[in-house]
Amino acid sequence: MKASRAAGVLLPGLPLIGAALFLLYLSSVQNTPPTFETGIENNTENQRSTPTSLNVPNLELIDFEYWVSIKAEFWWRYAYRLEFRSKSHNSKEVRASIKYIDSDGAVIDSTTTNILTIPAGEEKSFTGHSLIGLPGAKEVEDAEVSIIKYER
């Protein structure tokens, strides 16, 4: 009988105790810096790659830059920005391939963009990102862009 009376007193207080513990957990998580590999700083310095010929008539890649935007325990997120110029009287629709390369020229990872529409006679920038697993993400030395599909 005593056990059931004690349970009746404790049970209503459990949600309050649980809420207090959850709030304590949240405050400790908010004050914890993001998880980065020991000894590695979050370097968001942009790296530029030399724009190459796209083999698409009247379309020019003006600028291509990429950088590490997030370093997590098992992967790094590489963000990129592509800037195109259309010299055509019609808009161009392209799909680009971005290859991340190590110092030996081997492709570590690659991604393909959605269809990018560049209006006739205009410049337009596009951004995106790639998640690259470790340890390969640490080995990225360069990146290159190529057009894998285009419509006139």
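This structure is a prediction, so every number in the text was calculated from the model and none was measured. (Residues numbered from 1 in each chain as written. Predicted model: local features only at pLDDT ≥ 70, side-chain atom pairs only at ≥ 80, totals over all residues. Heavy atoms only, no water.)

(A) Quick peek at the pattern of salt bridges. Scanning all chains against the criterion turns up six salt bridges. Notably, a salt bridge pairs Arg81 with Asp63, separated by 2.8 Å at the nearest N-O pair. Of the two residues, Arg81 is situated in strand β3 (residues 75-86) and Asp63 in strand β2 (residues 59-71); the sequence distance between them amounts to 18 residues. When sorted by exposure, Arg81 lands in the same class as Asp63, which is buried. With a closest N to O distance of 2.8 Å, Arg81 and Glu65 form a salt bridge. One end of the pair, Arg81, is in strand β3; the other, Glu65, is in strand β2, and 16 residues separate them in sequence. Residue Arg81 shares its accessibility class with Glu65, and that shared class is buried. Linked by salt bridges that have partners in common, Glu60, Arg85, Lys87 and Glu123 make up one network. (Salt bridge = Lys/Arg side-chain N within 4 Å of Asp/Glu carboxyl O. Helix = DSSP H or I, 4+ residues; strand = E, 2+ residues; numbered from the N terminus. Buried < 20%, exposed > 50% of the residue type's maximum accessible area, 1.4 Å probe, protein only.)

(B) Layout of the nonpolar core. Ranked by size, the top nonpolar core spans 25 residues in total, and within it Phe64, Tyr78, Leu82, Phe84 and Tyr100 carry the most contacts. Contact partners of Leu82, with chain neighbours within four places excluded, come to Leu61, Asp63, Phe64, Ala96, Ile98, Thr113, Leu116, Lys124, Ser125, Phe126 and Val145. (Core = buried A, V, L, I, M, F, W, Y, C linked by side-chain atoms within 4.5 Å. Contact = heavy atoms within 4.5 Å.)

(C) Geometry of the pairing of β2. Among the 13 residues in β2, 10 count as buried, and that is most of the element. Where β2 and β3 come together, 11 bridges link them in antiparallel fashion. The partner of Glu60 across the bridge, within β3, is Arg85. Here β2 folds back onto β3, and the loop between the two strands holds three residues. (Pairing = 2+ DSSP bridges.)

(D) Representation of the packing of aromatic side chains within the structure. For the coordinates displayed, the defined rule picks out five aromatic pairs. When the ring of Tyr66 is compared with that of Tyr78, the centres are 6.5 Å apart and the planes differ by 35°; the resulting orientation is tilted. In this pair, Tyr66 sits in strand β2 while Tyr78 sits in strand β3, placing the two residues 12 residues apart along the sequence. Tyr78 matches Tyr66 in its accessibility class, with the two residues each being buried. Between the aromatic rings of Tyr66 and Tyr100, the centroid separation amounts to 6.3 Å while the plane-to-plane angle is 80°, which identifies the pairing as edge-to-face. (Phe/Tyr/Trp six-rings, centres within 6.5 Å; stacked < 30°, edge-to-face > 60°.)

(E) Molecular detail of the pairing of strand β4 (residues 92-101). With seven of 10 residues buried, β4 is to be regarded as a mostly interior element. Judged from the three bridges that link them, β4 and strand β6 (residues 116-118) form a sheet pairing that is antiparallel. By the bridge assignment, Glu93 is partnered in β6 with Thr117. Relative to strand β5 (residues 107-112), β4 runs antiparallel, the two being bridged by five bridges. Paired with Ser97 across the bridge in β5 is Thr112.

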